[in-house]
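Structure assessment
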Amino acid sequence: MKPALRSALPLVMTGVLLAGCSSGDAGSGGSDSQDGQVEAGHTHAPGQGHTSLAVGDGTRVSEVGYSLAGLQVRERPDGIGELRFRIDDHDGEPVTDYVEELTKELHLYVVNDDLTVFRHLHPTRAEDGTWTAPFDVPDAGGYRVVTEFIAVDEGGNGDHVVLGRPLALPPGDPGDTAAEDRAVSVSVAEVPTTGPDGELRLVVRDAEGRPVELGTYLGAYSHVTGFHRETGAMVHLHPLAAPEVTEGGSELTFHAEIDDPGDYRLFAQVRVDGFLHTVPVELTVARSA
């Protein structure tokens, strides 16, 4: 990446993910909050050195010199599809040097236009920079592919970028949609407002309404990926601390830096009894006062 483009990315000393905290905060203490906002001046724990604040929300194919390129869908003999793509730099060359974040070099999300199908995938990268990922979707139609990564630039800093593009996909396994989970429920205890200090609190319970013991998935107690229902803008959140277990459930607190007010559909991923559950949650974010 060219020096001029590097200067466009504000550098911080954290491994912060888009609108959320890195996994390094998973075991830290809780936060003081009021009216859907974390304490003013909230900071994140040290991460992997100079990493930019996240740029992009998955609605654009190119941001700050990086592009989601060569996107293809291939049908394999076993009936499972395969996505292939590259991340190209400013010179059109495939990026091959990444900072690992939450145990992976790149996180890939596939979501349909109705926000009823969601996939969180982790592709494999070849030496030439081509990424491949097997996937399945229940219905043919309009989808969007979103990539989130931290690329290492020429100065050795990490550029945190989120890119996305629309895609028409063939049908897969009928019925596999993000329906209500029968074993685990996730509800909203505190709604964030827009701005840099928003706070989201979610409560996780079992089918009987009791608290659950949450394990970690990819280094965090939960991954919450949300999409604005009108714009498609993505937010990706991780808990500030370990869950607080009460009689009312297992409560998770997230720093939610959300720019746009409106209706969102969240996909909360939690591990309970060794099984990963993906639970859709509806959220309406108001503009901060």
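What comes next is a walk through the structure. Predicted, not measured: the structure shown is a model, and the values here were computed from it.

All right, on to the side chain of Glu-148 then. Among the secondary structure elements, Glu-148 is positioned in strand S12 (residues 141-152). The buried charged residue Glu-148 lacks any salt bridge partner; its closest oppositely charged side chain belongs to Arg-144, at an N-O distance of 11 Å. Here Tyr-109 takes part through its side chain, which lies 3.0 Å from a polar atom of the side chain of Glu-148. Side-chain polar atoms of Glu-148 contact the side chain of His-160, separated by 3.2 Å.

This next bit is on the sheet that holds strand S20 (residues 249-255). Pairing within the open sheet is antiparallel, and its four strands lie in the order S14-S15-S20-S19. In this open sheet, the two strands that pair with only one neighbour each are strand S14 (184-190) and strand S19 (244-246). Across the sheet, the mean angle separating the axes of adjacent strands is 30 degrees when strand polarity is ignored. Relative to S20, S19 runs antiparallel, the two sharing three bridges. Opposite Thr-246, over in S20, you have Gly-249 as the bridge partner.

Glancing now at the sheet that holds strand S10 (residues 124-125). The five strands lie next to each other as S5-S6-S7-S11-S10, forming an open sheet whose pairing is antiparallel. Looking along the sheet, the strands with just one partner apiece sit at the ends: strand S5 (62-63) and S10. Both S10 and strand S11 (residues 130-135) contribute to a ladder of two bridges, which runs antiparallel. Pairing of Arg-125 across the sheet is with Trp-131, part of S11.

Evaluation of the coordinates by the stated rule reveals one cavity of 30 Å³ or more. By volume, the largest cavity amounts to about 30 Å³. Taken together, 10 residues line the largest cavity, and the ones lying closest to its centre are Glu-101, His-107, Glu-148, Phe-149 and Ile-150. Residue assignment for the lining of the largest cavity shows that the elements contributing at least two residues are strand S8 (106-112) and S12. The element that contributes the greatest number of residues to the lining of the largest cavity is S12, accounting for three residues. Within the lining of the largest cavity, the residues separate by chemical class into four nonpolar, two polar and four charged.

What counts, and at which threshold
Residues numbered from 1 in each chain as written. Predicted model: local features only at pLDDT ≥ 70, side-chain atom pairs only at ≥ 80, totals over all residues. Heavy atoms only, no water. Helix = DSSP H or I, 4+ residues; strand = E, 2+ residues; numbered from the N terminus. Buried < 20%, exposed > 50% of the residue type's maximum accessible area, 1.4 Å probe, protein only. Lys, Arg positive; Asp, Glu negative; His and termini not counted. Salt bridge = Lys/Arg side-chain N within 4 Å of Asp/Glu carboxyl O. Polar contact = N/O pair within 3.5 Å; in protein donor to acceptor, adjacent residues only side chain to side chain. Pairing = 2+ DSSP bridges. Axes fitted to C-alpha atoms, helices over the stretch in contact; angles between N-to-C directions. 1 Å grid on protein atoms, 1.4 Å probe; cavity = no way out; pocket = protein on both sides within 12 Å on 5 of 7 lines; lining within 4 Å. Points joined across faces, edges and corners; volume = space filled by probe spheres on them. Nonpolar A, V, L, I, M, F, W, Y, C, P; charged D, E, K, R; others polar.

By themselves, these are just geometric observations and shouldn't be taken as functional.
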